[in-house]
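A closer look at the structure
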There are 4 protein chains.
Amino acid sequence: MSALVEELTPYLVQTRRTLHRHPELGWCEFRTTALVAAELQRLGYRVRLGRAAVSPEHRLGVPTAAELAAAAADAAAGGVAAEVLAAMTGGLTGVIADLDSGRPGPTLAFRVDIDALPIAEATDPDHRPAAAGFASTVPGRMHACGHDGHTAIGLGLAHTLRELLPVLCGRVRLIFQPGEEGGRAALAMVAAGACQGVDDLICIHLGLDVPWGTVVAGSVGFLATSKLVATFRGRASHAGFRPEEGRSAILAAAHATLGIHGLSQHSGGVTRANVGVIRGGVASNIVAGDCVLELETRSDRQEIQDELEARARRVLAAAADLTGCRVNIAVDGRAVAEDSHPGLAAEVAAVARDLPGVEKVEPSRAFGASEDATDLMRAVHAGGGRAVYTILGTTLAAGHHNERFDFDERVLPLGVSLLTEVARRRLGYAGA
Amino acid sequence: MSALVEELTPYLVQTRRTLHRHPELGWCEFRTTALVAAELQRLGYRVRLGRAAVSPEHRLGVPTAAELAAAAADAAAGGVAAEVLAAMTGGLTGVIADLDSGRPGPTLAFRVDIDALPIAEATDPDHRPAAAGFASTVPGRMHACGHDGHTAIGLGLAHTLRELLPVLCGRVRLIFQPGEEGGRAALAMVAAGACQGVDDLICIHLGLDVPWGTVVAGSVGFLATSKLVATFRGRASHAGFRPEEGRSAILAAAHATLGIHGLSQHSGGVTRANVGVIRGGVASNIVAGDCVLELETRSDRQEIQDELEARARRVLAAAADLTGCRVNIAVDGRAVAEDSHPGLAAEVAAVARDLPGVEKVEPSRAFGASEDATDLMRAVHAGGGRAVYTILGTTLAAGHHNERFDFDERVLPLGVSLLTEVARRRLGYAGA
Amino acid sequence: MSALVEELTPYLVQTRRTLHRHPELGWCEFRTTALVAAELQRLGYRVRLGRAAVSPEHRLGVPTAAELAAAAADAAAGGVAAEVLAAMTGGLTGVIADLDSGRPGPTLAFRVDIDALPIAEATDPDHRPAAAGFASTVPGRMHACGHDGHTAIGLGLAHTLRELLPVLCGRVRLIFQPGEEGGRAALAMVAAGACQGVDDLICIHLGLDVPWGTVVAGSVGFLATSKLVATFRGRASHAGFRPEEGRSAILAAAHATLGIHGLSQHSGGVTRANVGVIRGGVASNIVAGDCVLELETRSDRQEIQDELEARARRVLAAAADLTGCRVNIAVDGRAVAEDSHPGLAAEVAAVARDLPGVEKVEPSRAFGASEDATDLMRAVHAGGGRAVYTILGTTLAAGHHNERFDFDERVLPLGVSLLTEVARRRLGYAGA
Amino acid sequence: MSALVEELTPYLVQTRRTLHRHPELGWCEFRTTALVAAELQRLGYRVRLGRAAVSPEHRLGVPTAAELAAAAADAAAGGVAAEVLAAMTGGLTGVIADLDSGRPGPTLAFRVDIDALPIAEATDPDHRPAAAGFASTVPGRMHACGHDGHTAIGLGLAHTLRELLPVLCGRVRLIFQPGEEGGRAALAMVAAGACQGVDDLICIHLGLDVPWGTVVAGSVGFLATSKLVATFRGRASHAGFRPEEGRSAILAAAHATLGIHGLSQHSGGVTRANVGVIRGGVASNIVAGDCVLELETRSDRQEIQDELEARARRVLAAAADLTGCRVNIAVDGRAVAEDSHPGLAAEVAAVARDLPGVEKVEPSRAFGASEDATDLMRAVHAGGGRAVYTILGTTLAAGHHNERFDFDERVLPLGVSLLTEVARRRLGYAGA
C-alpha cells in the first residue's frame with residue numbers, strides 16, 4: 001500500500017461508517033449523493049447531478065412520491081442543502097464525475113453503487129457495527145451488501161487520482177450509481193451518457209464469497225434478469241353474502257405463483273423464477289379485489305431470459321383470465337448477461353498480482369446472480385470499449401443481505417490501491 | 001313518530017355524522033366509546049367501561065400494541081380525556097349501560113355495534129357524505145356498514161328510555177359493542193357479563209338489502225364462522241444464488257389458497273370459504289421466508305362449520321408440509337349460528353306493524369352471513385331469555401362495505417321509535 | 001295389489017333379473033332395447049326404434065365406434081337379431097311405444113330409463129344378486145341404480161295397460177330412455193318427438209333414500225347440470241433433454257382442476273363443481289402433450305348453472321393459456337332444473353294414498369341431484385302439458401352407484417300398481 | 001468398412017426393419033429376445049435367458065400380468081416357440097451372450113438396448129418406414145428411439161466377433177438389455193451377473209443430436225433420475241348428492257403436480273422434474289377416489305437428485321394430506337450419474353478416428369439426460385473395470401420419441417465396424 005493510500009485509510013473507514021449509519025434505498029440516496037458530490041466538487045472534479053446523471057424516464061422501480069418526499073425530508077433534516085436537494089427532485093440521485101488530465105489519452109471509468117436495503121440491522125453487541133457505534137440509525141434500512149464500502153472506495157479513489165493527475169494522460173470518470181438493488185438504475189445512467197466516450201470501465205464489488213486476499217479480475221456468468229410487478233384487479237365482494245360477485249385477485253395471484261414457479265427448466269442454461277412478494281386483500285370476509293406480486297426471472301443466456309419473461313407474462317395474464325381478473329404488469333428492474341472483457345481482465349489481474357496483500361488472483365469466475373453493472377458494461381462494449389467486473393475478496397461476518405452483514409474494512413485501502421494502480425498503468429504517460 | 005323522537009331527530013343525524021367523520025377500527029373505538037360513555041353518564045345511566053365491559057383474554061383479533069397506541073394518540077388529539085383513555089388501555093373499548101326503574105320487572109337489553117372498516121371512503125361529490133361534509137377524515141377508514149347509524153340509534157334510545165323511565169318497570173341495558181367486523185368482541189362482552197340477567201335482547205342492523213319501510217323482526221339463518229390467521233414460515237434465500245436453500249412461504253400460501261377455495265361444497269347446508277388477505281416476502285429476488293393468510297369459513301349449520309374449519313386447518317398444515325414450511329394458525333374472530341327467538345320476534349313484529357312509516361313487516365328472514373351478535377343471543381337463550389336480531393330497512397347508496405356506502409337517515413328516528421315502543425310495551429307497568 | 005299385478009309379479013322379478021345379468025352402458029343398450037321392443041310388439045304396441053326414437057345429432061356422450069361395435073357384437077352373440085341391431089346402428093337405442101284406445105282423450109306418457117353403469121358388481125355371497133345367481137355377467141358393468149327395475153316396471157305396465165285398454169280413452173305412451181347416466185339422451189328423444197302430443201308425463205325412479213312404503217309424488221329441486229369434456233393439447237418433449245420445448249397438458253389440467261373446484265360458492269342457490277376424470281400423458285420422462293378432463297357443474301337454479309358453466313369454460317381456456325396449451329371443450333351430458341307439476345303431483349299423490357302397501361305419501365321432495373328426465377318434463381310443460389317425477393320408496397342394500405346396490409323387489413308390483421291406477425283414473429271413460 | 005461388414009449390411013438393415021415392424025415395450029420384448037437368442041445360439045454363443053439374464057426381484061416398472069400375458073400371446077402368434085416363452089415367463093426378457101476365445105485375456109462387453117415406446121408411428125408416405133413398408137404393425141407402439149438399430153448392430157457384432165474369434169484372446173460378452181426406457185432393467189441385469197468379470201464395457205446409442213460422421217467416444221454428464229408412481233386414494237362419492245363425503249384423489253394429484261413442477265431450481269447443477277402421466281376417476285359426477293401420477297426427477301449430481309426425489313416424495317405426501325387422501329409411492333425406474341471412463345474413451349476415440357466415414361470424433365460430450373446404462377457402467381467401475389457410453393452420430397428424420405423418428409441406416413455398418421475394430425485392438429493377440 002502506498003503512503004498515499006495509507007494516509008487515506010482513516011478517511012475511508014470513517015466515510016464508510018458515516019454512510020453505514022445513514023442507509024438510503026434506491027432513488028432515495030439524497031444524503032449519500034450530496035456527500036459524494038460535495039467531496040468530488042471540493043477535489044475539483046466536474047460533477048454531474050440530476051438529469052445530467054440519470055435519465056428520469058429510463059428509471060425503473062421508482063418509489064412513490066410520498067416515499068421520495070419522506071426521504072428528501074430526512075435528508076434535509078440531516079443537513080443537505082435545499083439547492084442540492086432541488087437538483088435531485090423526484091429521486092434523481094447518483095453522480096457522474098470527470099477529471100481531465102488535459103493530455104490526450106483514453107477515458108478510464110470506475111463504477112460503484114451507493115444504495116442500501118430494506119433490512120433491519122442487528123442491534124446486539126456481537127454485531128460489530130452495533131458494538132462500534134456505526135450501525136444503521138434508520139429503522140428497517142441497512143447497508144447489508146457493502147455499497148457503503150464501495151462508495152468509500154470510490155471517494156478514496158477520487159483522492160488518489162487527483163494526486164496522480166500530473167502524471168496521467170486522458171480522463172478518469174467516477175460513476176456513483178443509485179438503485180443497484182433490483183436493477184433499477186444502470187440503464188438510466190447509460191441513457192444520461194455515463195458510458196459515452198468511455199474506453200475502459202471497471203466495476204467493483206467486495207465480498208461475494210471471495211475470501212480476503214483473493215481478487216477476481218473479471219466476473220462472467222451474470223444472470224440476465226427482469227423484475228416484474230404484477231397488479232391483479234378483481235372485484236371485491238362480501239365473502240359471506242355475495243361470494244359469487246367477487247373475483248378474487250388473491251386466487252389469481254395464487255395460480256400465477258404456482259405457474260411461475262413451474263417455469264424453470266431449460267436444457268440451454270441456468271434458469272430462475274421466483275415470486276418474492278405478495279400483498280392483497282383487506283379482510284378475511286371480503287373477496288380480495290386487489291393483489292400485487294413482485295417476481296423475477298433470470299438466466300445466464302439472454303435469449304432464455306427473454307423467453308422466460310415472456311412465459312411469465314403469459315402466466316400472469318392467464319391467471320387473471322382464469323379468475324375473471326385483470327392484470328397490469330410493470331418492469332421494476334432488470335439486468336443483462338454481459339461478461340467481463342478478457343483483455344481488460346488480464347490487465348487488472350496483472351496489477352492485482354503485484355499488489356501487496358493479494359495472495360490469489362482469479363482471472364474470471366462465474367457470478368451466478370444478477371447485477372445491472374452489466375448494462376453499463378454492455379454499453380461500453382457496444383461503443384468499442386472494454387469493461388470488467390472486479391471482485392475484492394474480504395472476510396464477511398455474515399452473508400450479503402443478512403442483518404448481521406459486515407466486512408473486513410482492510411478491503412477499503414486494498415480496493416483503492418488496486419484501482420489507483422490500474423489507472424496509473426493505463427493512463428500513466430511516457431513523459432511522467 | 002312521537003314528538004319526542006321528532007325532537008331528537010337532529011341529534012340523531014348530527015351524532016351519526018360526527019361518528020361518520022371519525023371511524024375507528026375494532027378495539028380502537030376510543031373516541032366513539034368516550035362519546036357514548038359521556039352521553040350515557042350525562043343521562044344518568046350506570047356505565048361500565050374497560051374490563052367491566054369486555055373480558056381482555058376473550059378478545060380476538062386485537063391489533064398490535066403499536067396500532068392501539070396510534071389510535072389512542074389520535075383519540076387524545078381529538079380531545080378524549082386521559083382518564084377515559086386509561087380505562088380503555090390496551091383496547092378495552094365498548095360500553096355496557098344500565099338504567100333501573102326501581103320497580104320489579106324484566107331486564108330488556110339492546111345491542112348496537114360501533115366499529116368501522118379499513119376502507120377508503122369515496123371523495124367525489126356524487127357521494128353524499130363527501131358533498132355534505134361529513135365524510136371520513138381518516139385515510140383508509142370508513143363507516144361503510146352503518147354502525148355509525150346503529151350507535152346514533154343506541155344513543156337516541158338512551159334519551160327516550162330516560163324520558164320513559166317513570167312509566168317503566170324492570171331495567172334496560174344498552175350494549176355498545178366494539179369489533180363486530182370479523183366477529184372479535186361479542187364473546188368478550190358475554191364473558192364480562194353483558195348478558196347476565198337479561199330477559200330479552202334486541203340486536204339491530206340497518207340496511208342489508210331490506211328496503212325502506214320494511215322491518216325484519218327476527219333474522220334467522222346466520223352463518224357460523226371462524227376467521228383464521230395462518231402464518232407460514234419457510235426459509236429465505238437469495239433467489240438467484242441459492243434457490244435450493246429457500247423454502248417459499250408464498251408458495252405454501254398459494255397452495256393453501258387454492259386448497260381452501262376448493263372446500264366449499266356441502267349437501268347439508270350453506271358453505272363459504274375465503275382467503276381474504278395475503279402478505280408475504282420482502283423482495284422479488286428473495287425466496288420469501290414469511291407469508292400470512294387471513295381467511296374464513298362459514299356455514300349455516302354449526303357442525304358443517306366445524307368440519308369446514310377442521311378441513312381448512314388441514315389444508316394449511318399440508319400446504320406448509322408440501323413446501324417445507326411450518327405454519328401457525330390463530331383464531332381471529334368467530335360467530336355462531338343462532339336463530340332469533342320466534343316469540344320475541346312476534347312481539348317486535350307486532351310493534352313494527354303499528355309503527356307509522358313501516359309498510360311491511362317480515363317475521364323472519366335468512367341472514368345469509370355472519371354476525372357475532374349471535375354469541376350474545378346464544379348467551380341470552382342459554383340463560384333462559386329470548387333474543388332477536390331485527391333489521392331496519394333503508395335505502396342504500398351502495399352495498400355494505402363499499403366505498404360509496406350511505407343510507408337514508410330517516411331510518412334513525414324510525415329505529416329509535418321502534419325500539420322505544422318495544423320497551424314501552426314490554427316494560428310499561430299497569431300503574432302507569 | 002290387483003290380481004292382475006299379482007299374477008304379473010313373477011314376470012316382473014324375472015325380467016328385472018334378466019336385465020340385471022346383462023347391464024349395458026348408455027347408447028349401448030342393444031340387448032335391452034331388443035328385449036323391450038319385442039315384448040311391446042308382442043303386446044300390440046306401435047313401437048318406434050332407431051331414428052324414430054332418438055335424434056342422432058342431439059345425442060351427447062356417444063361412445064366411440066369401437067365401443068359401439070363391441071357392444072353390438074355382444075348383443076348379437078346374445079341372440080339379438082341382425083335386423084333389430086341394424087335399426088340401432090351407431091347406438092340408436094331406446095324405444096317409444098304407443099297404444100291407442102281409439103277413443104278421444106288425452107295422451108298419458110310414462111318414462112323409464114334403461115342404462116347401466118361402469119361399475120364392477122360385488123361377487124361375494126353377502127350380495128344377494130350374487131347369491132341368487134342374477135349378478136352381472138359383464139365385467140365392470142352393473143345395474144347399480146335400479147334402471148333394471150324401472151325397465152321391468154315399464155314392461156309390466158305395458159301388460160296392465162294392454163289389459164285395461166277396453167276401458168280407457170285417449171292414448172298411452174311408454175318411453176324407454178337410454179343413456180340417463182350422465183344426462184345424454186333425453187334431449188335426443190325430445191327431438192325425435194317423444195313428448196309430442198303428450199298431455200301428462202310420469203317419470204319414475206325407485207330408491208333414492210325414500211324408504212319402503214313411501215311414495216314421493218312429484219320431485220322438485222333438480223340440479224341443472226352440464227357435463228364437459230375438456231381436451232388439452234400442449235406439446236410433448238423429452239423431459240430430460242428438452243424440457244423447455246414441452247408444454248405440459250397435465251400442468252394445464254392441474255391448474256384447471258384447482259380453478260374449477262374453487263368456483264362453487266353462490267348466495268342464490270346450490271352449486272356444485274367436480275372434475276371427475278383425468279387422463280393424460282404417456283410416460284414419466286415425456287412432457288405430456290395431451291390431457292383430458294371430464295367435469296360437471298350443477299345448480300338448482302338454471303341461471304346459476306349457466307353462469308357456473310361459463311366460468312368453468314373460462315377456467316379451462318385460461319388454464320390452457322397459462323401453460324401454452326390449447327383446449328377443446330365438448331358437452332357430454334346435461335339436464336335442466338324443472339320441477340314437477342303440482343297439479344299432476346296431487347293426482348299421483350291421491351292415487352298413492354289409496355294404494356295398499358303405501359304408508360306415506362310426500363307431495364314433493366327436493367331431489368338434490370340431476371336427471372335428464374327434466375328435459376322431457378320441460379318439453380311437456382312447454383307444450384302445455386303436465387309432468388311429474390315420482391319416487392317409489394324401497395329398501396336398498398347399499399346406496400346408488402355402489403357395487404353392492406340392490407333393492408327390495410316388492411317395489412316392482414307396487415310401481416306397476418301405482419302407474420296402472422293413475423292411468424285408470426286419468427283415462428278411464430265414463431262408459432266403462 | 002471391411003468386406004465382412006459390407007457383406008453383413010443387408011442383414012443389418014433387414015434385421016433392423018424386422019424389429020421396427022414389431023416393437024415391444026419393456027419386459028414384453030418376447031419376440032425380440034427370441035430372435036436375438038436364436039441368432040446368437042446359431043452363431044455358437046453361450047446364451048443366458050430368463051433368471052440367468054435378469055434378476056426378477058430387481059426389476060422395476062414391470063407391466064401387469066394381463067399386459068405380460070397379452071404380449072406373450074402376441075409373440076406366440078408371431079411364431080415364438082412355447083419353450084422359449086416359458087423361459088421368459090413373467091417378463092424375464094433380455095439376453096446375455098458370451099463367446100470365449102479359450103485364450104487368456106480380458107473380458108470385453110458390449111451393451112445394446114432392445115425395447116420400444118408407447119408411441120403411435122406416423123403412417124403417411126412422407127415417413128420413410130411407412131413408405132418403405134417397415135413401419136410398426138402394432139398400434140400405439142413404435143421403435144422411436146433407435147433401439148431396433150442398436151439390436152441390429154449388436155447382432156451384426158455377434159457375426160463379426162464370431163469371424164474374428166481365431167485371432168482374439170479373452171472373452172466377449174453381448175448384453176441385450178430390455179426396459180431401458182424408464183430405467184427399469186439395468187440393475188436387474190447387474191444383479192443377474194451381467195457385469196461380473198467384465199474388464200471393459202462399451203454401451204452405444206445412435207443419434208442423440210450427434211450428426212452423421214461424428215462419434216462421441218465417451219459420454220459424460222448423465223442425469224441421475226428416479227421414476228416414481230404415486231397412487232392417491234381418496235374417497236369416492238356422488239358429486240351432486242354428497243360432495244362433502246368425497247375426498248378427490250384428482251385434486252390431490254393436481255396439487256402434487258403443481259408442487260413437483262415447482263421444485264426444479266438448484267445452483268449446484270442441472271435439475272428436472274416432470275409429471276408425465278396422470279390417470280384418475282371414473283365419471284364426471286363422481287368425486288374421484290383414485291388417481292395415479294407417474295413422474296420423474298433428475299439431476300447431473302447424485303446428491304441433488306437424491307434431494308429432489310426426497311422433496312418430490314414430500315410434495316406427494318403433503319398433497320394427499322391436503323385433500324384428505326392417502327398416497328402410495330413406488331419406484332418405477334432409475335438411473336445414476338456415472339461418467340464414461342476417460343482411458344477407455346480415449347481408446348474408442350483412437351479407433352473411431354481411423355475409421356472410414358468418421359469425420360469427427362469428440363472424446364466426450366455431456367449427455368444431458370438419463371440412461372440406465374449408467375448402472376452397468378457403475379458396476380463395471382466398481383469391479384475395477386472401465387466403461388464408456390459411445391454415441392454414433394447419424395441423420396435423423398425427427399427427434400427421438402417423435403412419431404416420425406427415423407435414422408440414416410448407414411450408421412448400422414458404421415457401428416459394427418467401430419465396435420469390431422475396438423474388439424480387435426483390445427483382444428487381438430500377438431500371435432495372430
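Summarised in this report is the structure supplied together with it. Within every chain, residues take consecutive numbers counted from 1 along the sequence as written. As they are written, the chains are lettered A onward and the ligands numbered 1 onward, keeping that order. Local features in this predicted model are restricted to residues whose pLDDT is 70 or higher, and side-chain atom pairs enter the listing and the counts only when it is 80 or higher, whereas totals over whole chains, interfaces and linings include all residues. Side-chain calculation: all heavy atoms of the structure are included, whereas hydrogens and water are not.

Quick word on the overall build of chain A
The condition that has to hold: Secondary structure counts use DSSP, requiring at least four H or I residues in a row for a helix and at least two E residues in a row for a strand, with both numbered from the N terminus. Each radius of gyration reported is based on C-alpha atoms, and the globular scaling rule is 2.2 Å times the count of residues to the power 0.38. Relative accessibility decides the category of a residue: with a 1.4 Å probe and only protein chains considered, values under 20% of the type maximum give buried, values over 50% give exposed, and everything between is partly exposed. Any two residues whose heavy atoms approach within 4.5 Å at even a single point are treated as in contact. Positive charges come from Lys and Arg, negative ones from Asp and Glu, while His and the chain ends are left out of the count. Lysine's charge is taken at NZ, arginine's at CZ, aspartate's at CG and glutamate's at CD.
Looking only at helices and strands, chain A features twelve helices and 14 strands. A compact globule built from 432 residues would reach a C-alpha radius of gyration of about 22 Å, and chain A, at 23 Å, matches this within 12%. For chain A, the spread of C-alpha atoms along the principal axes amounts to about 85 × 50 × 40 Å. Residue burial in chain A is summarised as follows: out of 432 residues, 62% are buried. Considering only residue pairs separated by 6 or more positions, chain A has 83% of its internal contacts joining residues 24 or more positions apart. One way to put it: in chain A the 41 positive side-chain charges average out to a point 3 Å from where the 49 negative ones average out.

What to know about the sheet that holds strand β11 (residues 290-299) of chain A
One key point about sheets: their strands pair by backbone hydrogen bonds, in either a parallel or an antiparallel sense. Rules: At least two DSSP bridges between two strands are required for those strands to pair. Orientation is described by lines fitted to C-alpha atoms, with helices fitted over the stretch in contact, and by angles between N-to-C directions that extend from 0 to 180 degrees.
A sheet is described by the order of its strands in space; here eight strands give the open sequence β12(A)-β7(A)-β11(A)-β9(A)-β9(B)-β11(B)-β7(B)-β12(B), paired in antiparallel fashion. Of all the strands in the sheet, just β12 (326-335) of chain A together with β12 (326-335) of chain B have a single pairing partner and so form its edges. If you compare each strand with its neighbour and ignore which way they point, the axes differ by 25 degrees on average. Pairing of strand β7 (residues 224-233) of chain B with β12(B), which is carried by nine bridges, proceeds in the antiparallel orientation. Residue B:Val229 lies in a different strand from β12(B), and its bridge partner there is B:Ala330. Across the sheet, helix α8 (residues 249-261) of chain A is in contact with β7 (224-233), β9 (271-280) and β11 of chain A together with β9 (271-280) of chain B; its angle to β9(A) comes to roughly 165 degrees.

Details of the pattern of salt bridges
In plain terms, the rule: When a carboxyl oxygen of Asp or Glu lies within 4 Å of a side-chain nitrogen of Lys or Arg, that pair is called a salt bridge.
The tally for this structure, following the rule as stated, stands at 131 salt bridges over all chains. The shortest N-O distance in the salt bridge between B:Asp354 and B:Arg425 comes to 2.8 Å. Within this pair, whereas B:Asp354 is found in the loop between α10 (342-353) and β13 (360-366), its partner B:Arg425 is found in helix α12 (residues 411-427), the two being separated by 71 residues in sequence. Exposure remark for B:Asp354: the relative accessible area of 54% places this residue in the exposed category. Two residues, D:Arg242 and D:Glu245, come together in a salt bridge whose shortest N-O distance is 3.9 Å. A relative accessible area of 30% means that D:Arg242 is categorised as partly exposed.

A word on the interface of chain D and chain C
Using the following cut-off: Buried area: the sum, over both parts, of the accessible surface (1.4 Å probe) that disappears when the two are put together. Think of a polar contact as two N or O atoms within 3.5 Å of one another; within protein, one of them needs to be a possible hydrogen donor and the other a possible acceptor, and neighboring residues in sequence only count if both atoms come from side chains. Note on residue categories: nonpolar means Ala, Val, Leu, Ile, Met, Phe, Trp, Tyr, Cys or Pro, charged means Asp, Glu, Lys or Arg, and polar means any other residue, Gly included.
Of the residues lining the interface, 44 residues belong to chain D; the matching set on chain C comes to 41 residues. Of the roughly 3400 Å² buried where chain D meets chain C, counting both sides, 63% is carbon and sulfur surface. When the area that chain D buries against chain C is broken down by residue, the three leading residues are D:Leu258, D:Ile278 and D:Ser284, summing to 17%. Linking chain D with chain C are two salt bridges. The residue C:Asp209 makes a salt bridge to D:Arg242 at a minimum N-O spacing of 3.9 Å. At the junction of chain D and chain C, the tally comes to nine residue pairs in polar contact (both at pLDDT 80 or more). Here the side of chain D that touches chain C takes eight residues from strand β9 (residues 271-280) of chain D, the largest share from any one element. Its residues placed into classes, the side of chain D that touches chain C shows 22 nonpolar, 13 polar and nine charged.

Here we look at the interface of chain B and chain C
Across the boundary between the two partners, chain B contributes ten residues, which contact ten residues of chain C. With both sides pooled, the region where chain B packs onto chain C buries about 810 Å², and carbon together with sulfur makes up 36% of that total. Three residues stand out in chain B for area buried against chain C, namely B:Leu258, B:Gln265 and B:Arg272, and they jointly supply 57% of the buried area on that side. The interface formed by chain B and chain C holds zero salt bridges in total. At the boundary of chain B and chain C, one finds two residue pairs in polar contact (both at pLDDT 80 or more). Looking at the side of chain B that touches chain C, the elements with two or more residues in it are α8 (249-261) and β9 of chain B. Looking at which element gives the most residues to the side of chain B that touches chain C, the answer is β9(B), with three residues.

Examining the relation of the copies chain D and chain C
Worth spelling out the cut-off: Only residues with pLDDT of at least 70 in both copies contribute their C-alpha atoms to the least-squares superposition of the copies.
In the superposition of chain D on chain C (RMSD 0.4 Å, axial shift 0.6 Å), the rotation amounts to 179 degrees. Overall, the copies show the geometry of a two-fold rotation axis. Same-surface contact between copies: 93% of interface residues of chain D are shared with the interface of chain C.

Quick notes on the sheet that holds strand β2 (residues 95-100) of chain A
All names here are of chain A. Across the sheet, which stays open at both edges, the eight strands sit in the order β1-β2-β4-β3-β5-β14-β6-β13 with mixed pairing between neighbours. Of all strands in the sheet, those bounded by a partner on one side alone are β1 (46-48) and β13 (360-366). Adjacent strand axes in the sheet meet at a mean angle of 20 degrees, parallel and antiparallel pairs treated alike. Here four bridges tie strand β3 (residues 107-113) to strand β5 (residues 200-206), and the two strands are oriented parallel to one another. When the sheet's bridge partners are listed, Leu108 is paired in β5 with Asp200. Across the face of the sheet, helix α10 (residues 342-353) comes into contact with β5, β6 (214-220), β13 and β14 (386-392) while running at roughly 35 degrees to β14.

A few points about the relation of the copies chain B and chain C
Superposing chain B onto chain C requires a rotation of 178 degrees together with a translation of 0.3 Å along the rotation axis, leaving an RMSD of 0.4 Å. In this assembly, 100% of the residues forming the interface of chain B have copies in chain C that are likewise at the interface, indicating an isologous arrangement.

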